[in-house]
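# Breakdown of the fold
Each chain, written out:
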Amino acid sequence: MLTRRRFVQGMGGGVLLSASGLPLLGNTRAPSELVGPTFDLTVDTMPVNFTGAARNAVVINGQLPGPTLRMRQGDEVAIRVTNRLREQTSIHWHGIILPADMDGVPGLSFNGIAPGTTFTYRYKVNQYGTYWYHSHSGFQEQVGHYGPIVIERRGGERHGADREHVLLLSDWTDHDPERIYATLKRQSDYYNFNQRTVGDFVADVRKQGWNAAWADRRMWGGMRMNPTDLADVGGYAYTYLMNGVTPAGNWTGTFTPGERVRLRIINGSSMSFFDLRIPGLKLTVVAADGQDIEPVTVDELRIGTAEVYDVIVTPGDAAYTLFAQSMDRSGFARGTLAPRAGMAAEVPALDKPVLLGMGDMGMSHGDHGPAPAAAATAGAVDHSKMDHSKMDHGPAPAPPTHAPAESGPIVDMRASTVKTALNDPGVGLRDNGRRVLTYADLATLGGPIDVRDSAREIELHLTGHMERYIWSFNGQKFSDATALAFKHGERLRITLVNDTMMTHPIHLHGMWSEVVDAKSSFVVRKHTVVVNPAQRLSYLVTADALGRWAYHCHLLYHMEAGMFREVAVS
Amino acid sequence: MKRLAALLLLAWASLAQGQGQGQLEHVPPDPPQSHVDHDMSYREMTEMMGMDDRRRFGKVMFNRLEWHDGDDGSQYAWDAHAWYGGDYHKAWLEAEGERVEDSTHESRIEGGWERIISPWWNVRAGLRHDAGMGPARDWLGAGFTGLAPGFIESEALIYLGEDGRTAARFKFERDFLFTQRLVLQPEIELDAFGKDDPEKLIGSGLSSLKFGLRLRYEVRREFAPYVGLNWAGHFGETSDLRRAAGESGDEFTWLLGVRAWF
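Just so we're clear, the structure is a prediction, and the values are computed from it rather than from any experiment.

Cut-offs applied
- Residues numbered from 1 in each chain as written.
- Chains lettered and ligands numbered in written order.
- Predicted model: local features only at pLDDT ≥ 70, side-chain atom pairs only at ≥ 80, totals over all residues.
- Helix = DSSP H or I, 4+ residues; strand = E, 2+ residues; numbered from the N terminus.
- Buried ≥ 20, exposed ≤ 12 C-beta atoms within 10 Å, placed from the backbone.
- Contact = placed C-beta atoms within 7 Å.
- Nonpolar A, V, L, I, M, F, W, Y, C, P; charged D, E, K, R; others polar.
- Pairing = 2+ DSSP bridges.
- Axes fitted to C-alpha atoms, helices over the stretch in contact; angles between N-to-C directions.
- pLDDT = per-residue confidence, 0-100.
- Expected span 1.5 Å × (residues − 1).
- Arc of directions from axis to C-beta.
- Parallel < 35°, antiparallel > 145°, perpendicular 65-115°, else oblique.

Here the focus is the overall build of chain A. From N to C terminus, chain A includes six helices and 31 strands. With 570 residues in all, chain A has 59% of them scored as buried. Contacts spanning at least 24 positions in sequence make up 78% of the contacts within chain A whose residues lie at least 6 apart.

What follows is the structure in structure tokens.
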């Protein structure tokens with residue numbers, strides 16, 4: 001029998017098999033690169049074997065991830081996409097500013113690419129940086145339909161490097177994604193193998209006394225929430241990949257000692273947040289979501305689903321482990337940076353999973369009877385009692401007001417205390433002894449694309465019902481809601497309030513999300529904005545892109561379950 | 001002096017450029033050349049997207065499929081439910097019963113419709129058919145199901161039968177995890193009736209209480225063999241009727257079973 005450890009680490013070593021069973025790709029390969037301005041991509045199925053079991057993946061040009069598309073700022077690109085699947089497909093160019101009909105969302109931007117047909121995307125690339133592409137049809141993204149985009153800056157990179165590697169992180173599953181979704185609807189904690197046990201309760205009673213332990217269980221039981229709910233799908237179903245290679249396969253990027261190496265890190269997963277670090281190396285973050293930032297040096301960064309960070313490292317004459325553990329600590333993606341192929345460094349142990357705390361619930365202490373001492377059982381203590389004086393600047397936001405639909409049957413909780421706290425690294429990373437990147441560290445160079453202040457504000461609450469597995473904005477699923485109307489040319493402020501206990505990566509198509517701090521000062525320009533539980537976060541948007549756009553949580557099954565809106569700019 | 005002025009000018013120029021750099025690097029996109037049909041229905045759109053938050057799902061759960069060695073020989077018991085539907089409405093079906101040797105001792109089949117009314121509660125309506133010992137009885141039923149505070153799966157239903165018969169049924173169960181796969185499930189079931197039904201050995205008032213304790217091991221989430229114990233007690237008139245009929249009184253049994261769902 002396959003042991004779980006082997007399953008998580010991957011048995012096949014990330015070797016893709018051709019139809020004839022011959023290995024097509026080794027672990028030290030660089031993801032192949034296509035150079036524009038004209039690209040030909042073919043979407044097809046192909047058998048792969050990451051775990052010891054053969055499965056069909058959806059691949060692009062016979063590769064998983066798809067080839068890196070290298071463009072140059074200013075290029076007029078033409079991308080011919082041929083669909084060899086038996087179902088419709090699409091490619092969405094994540095983070096690229098382009099005409100609405102080239103955005104690749106079937107039903108909103110175009111009619112999708114029917115089986116056996118070719119669709120040509122044409123657009124002018126006015127930006128530069130690291131981006132990615134993926135299917136926006138069904139669950140194809142979960143089974144391999146994604147790849148990196150690198151756009152070279154006109155006049156050369158601002159933050160020069162001697163060498164670069166793309167690191168695309170993803171979450172492969174042998175399970176049928178349709179079945180994963182159905183399973184979540186049938187039993188939403190199915191994939192959580194880190195739930196609190198009777199033994200944990202006994203340990204808590206010993207540590208904190210009966211009253212505190214009981215009060216803690218009574219509070220969580222009263223809410224019918226689970227403090228270990230950090231990921232809906234974890235290592236039980238997922239094998240985490242780095243550039244399409246399993247941890248055991250050990251994808252390796254080479255360098256010459258002393259070089260400045262740029263890592264273009266893309267989270268191309270469907271449902272996973274990764275906490276990435278390279279023991280022995282400092283990470284100098286130079287771009288966020290493709291946008292150059294004031295360089296900031298950290299030990300570790302959390303990369304939300306669909307987010308992109310570029311970092312520069314200067315490795316010495318040794319091997320270094322690229323370690324990206326999933327947020328729920330149920331597994332990791334792993335690779336190596338080394339002067340030569342075939343080297344490896346020590347792989348760190350997974351951190352202990354922490355529990356969600358009071359701060360993550362959006363509750364002030366005392367909301368539900370006596371406040372229990374910091375809850376800790378399954379793992380280390382998460383410091384829910386964060387020092388608010390150190391958080392962000394400006395006054396604490398007023399208690400949120402909730403839309404009427406949020407009191408409906410498909411919303412299981414509403415935050416009563418929210419914080420902007422851009423300098424909160426998020427659950428599981430607080431006070432871990434490492435310098436962890438936060439949004440407060442990001443400062444996009446050159447300022448916002450539009451210096452106007454917002455003329456109006458749209459407040460959207462991220463809502464859901466974990467047990468019923470329903471996700472929504474303002475308590476309304478996509479099917480219950482009408483499109484959000486943006487006036488062409490307006491500058492508006494979107495405020496997101498996370499009323500759930502999960503961390504959501506929110507992606508607005510077609511327009512930049514310019515995150516501001518609690519004092520409304522510009523911080524960072526992003527295409528995907530991560531909102532922590534009980535966080536209130538605002539960004540400004542210039543509605544300069546006519547047409548119909550998708551706006552959604554980038555956790556694939558959250559989007560499918562209703563956390564999606566259409567944005568109409570007219 | 002001249003150099004200083006040049007430096008200042010340079011500094012100002014770079015500052016000014018820095019200020020507007022974001023603006024310079026961003027070019028708004030052209031308007032779309034073609035449009036997707038705006039009159040497309042939600043159904044057509046979601047079909048095209050391959051994404052529909054109104055999709056329907058189903059689940060079949062054999063909560064108890066068990067055997068025990070009773071006083072009257074081998075006994076088999078079952079408790080199964082199934083549902084099919086979307087987030088708001090579901091059709092549901094339940095079957096619960098017991099066979100002793102070759103005869104069905106007790107059987108309840110119930111089905112109907114369920115709608116969510118609050119985050120944790122559903123309202124339910126349906127038809128119930130009781131078979132087994134004595135004549136069959138049919139009921140119209142209504143009530144609530146949901147998850148009570150403390151993660152207690154709950155069912156509370158009342159029934160209206162022929163000849164002015166009424167009944168009520170309550171069921172509560174909860175999971176206690178010993179490990180991520182070893183789960184203890186206590187269950188309490190209460191039955192009450194509005195009037196005597198001697199042919200079925202039922203008296204008015206609280207007629208029976210069943211308390212079960214099952215320890216299962218989830219080989220997979222969907223498949224878990226278990227060992228358990230069950231205590232069934234009868235009260236008041238029911239107890240008297242049963243005694244008169246020579247039926248067993250309070251019963252305490254050990255049992256083996258499987259829980260399975262798909």
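The discussion continues.
Counting secondary structure elements, chain B contains three helices and 13 strands. Partitioning the intrachain contacts of chain B with sequence separation of at least 6 by distance along the chain shows that 41% fall at a separation of at least 24.

Take the interface of chain A and chain B next. The extent of an interface is frequently quoted as the accessible surface area lost upon association of the parts. Taken together, the contact pairs 56 residues of chain A with 43 residues of chain B. At the level of secondary structure, the elements contributing two or more residues to the side of chain A that touches chain B comprise helix H2 (177–186), helix H3 (198–208), helix H4 (210–223) and helix H6 (556–560) of chain A. Top contributing element to the side of chain A that touches chain B by residue count: H2 of chain A, with three residues. Across the side of chain A that touches chain B, the residue classes tally to 23 nonpolar, 21 polar and twelve charged.

Residue and element names in this part refer to chain A. Strand order in the open sheet made by the six strands is S22-S21-S24-S29-S26-S27, with mixed pairing throughout. Whereas interior strands pair on both sides, the edge strands pair on one side only; in this sheet they are strand S22 (470–473) and strand S27 (522–526). Taken pair by pair, the neighbouring strands of this sheet meet at an average axis angle of 25 degrees, ignoring direction. Note: strand S26 (residues 513–516) against strand S29 (residues 536–542), three bridges, orientation antiparallel. When the sheet's bridge partners are listed, Val516 is paired in S29 with Ser538.

Once that is clear, we can look at the confidence of the model for chain A. Residue and element names in this part refer to chain A. Looking at chain A, the pLDDT average stands at 90 and 89% of residues meet or exceed 70. The low-confidence segment residues 1–8, where pLDDT is below 50, has seven contacts with residues more than four positions distant or belonging to other chains. Here residues 365–393 is a poorly scored stretch, pLDDT under 50, and it has 75 contacts once near neighbours within four places are set aside; other chains count.

All right, on to H4 of chain A then. Residues and elements named next belong to chain A. Taking 1.5 Å of rise per residue, the 14 residues of H4 would be expected to cover 20 Å, and the 20 Å separating its terminal C-alpha atoms lies within 8% of that figure. The set of residues buried in H4 consists of Ala213, Asp216, Arg217, Met219 and Trp220. Along the long axis of H4, the arc covered by the buried residues comes to 160 degrees, so they all point the same way. Exposed residues on H4 whose side chains face more than 90 degrees from its buried face are Trp210, Asn211 and Gly222. Close packing links the buried residues of H4 with H3. Two residues or fewer past H4, Arg224 is found with a positive phi of approximately 55 degrees.

Residues and elements named next belong to chain A. The contact between H3 and H4 brings their axes to 6 Å, and the two run at 135 degrees. For the element pair H3 / H4, the angle class is oblique. Residues Phe201, Asp204, Val205 and Gln208 of H3 pack against Trp210, Ala212, Ala213, Asp216 and Arg217 of H4. Looking at the contact of H3 with H4, its residues break down into five nonpolar, one polar and three charged.

Residue and element names in this part refer to chain A. The strand order across the open sheet built from five strands is S12-S20-S19-S14-S17, with neighbouring strands paired in mixed fashion. Both outer strands of the open sheet, strand S12 (251–254) and strand S17 (300–303), are each paired with one neighbouring strand and no more. Strand-to-strand, the axes of this sheet are offset by a mean angle of 20 degrees, without reference to chain direction. Taken together, the four bridges between S12 and strand S20 (residues 332–338) define a ladder with parallel strand orientation. Along S20, the bridge assignment pairs Thr254 with Ala338.

Moving on, we get to the pairing of S29 of chain A. Residue and element names in this part refer to chain A. Of all the seven residues making up S29, seven are buried; the element is thus mostly covered by neighbouring parts of the structure. Side chains of S29 alternate between two faces, with Arg536, Ser538, Leu540 and Thr542 and Leu537, Tyr539 and Val541 buried alike. As defined by bridge partners, strand S24 (residues 491–498) adjoins S29 across seven bridges and the pair is classed as antiparallel. Counterpart to Val497 in the pairing with S29 is Arg536.

Residue and element names in this part refer to chain A. Position of Lys207 among the secondary structure elements: in helix H3. Note on Lys207: 12 C-beta atoms within 10 Å, which makes it exposed. Between the C-alpha atoms of Lys207 and Asn61, which are 146 residues apart in sequence, the distance is 56 Å.

In this structure, the amide linkage connecting Gly36 of chain A to the following residue, Pro37 of chain A, adopts the cis form with an omega of 10 degrees. The residue Pro37 of chain A is located in the loop between strand S1 (33–35) and strand S2 (38–49) in this model. Leu64 of chain A connects to Pro65 of chain A through a cis peptide bond whose omega is -5 degrees. Note that Pro65 of chain A resides in the loop between strand S3 (54–60) and strand S4 (68–72). Positive phi is not limited to glycine here, since Asp163 of chain B has a value of about 55 degrees. Owing to 7 C-beta atoms within 10 Å, Asp163 of chain B belongs among the exposed residues under this scheme.

Okay, the confidence of the model for chain B next. Residue and element names in this part refer to chain B. Averaged over all residues, the pLDDT of chain B is 89; the fraction at 70 or higher stands at 89%. In the model, residues 9–19 has pLDDT below 50 throughout and makes two contacts with residues more than four positions away in sequence or in other chains. Predicted as a complex, the structure gets a pTM of 0.91 and an ipTM equal to 0.90.

Quick look at the environment of Glu307 of chain A now. All names here are of chain A. With respect to the helices, strands and loops of the structure, Glu307 is situated in the loop between S17 and strand S18 (308–313). The class for Glu307 is buried, based on 25 C-beta atoms found within 10 Å. Taking C-alpha positions, Glu307 is 21 Å from Met102, a pair spaced 205 residues apart along the chain. Once residues lying within four places of it in the same chain are set aside, the contact partners of Glu307 are Asn267, Asp289, Pro505, Thr528 and Val530.

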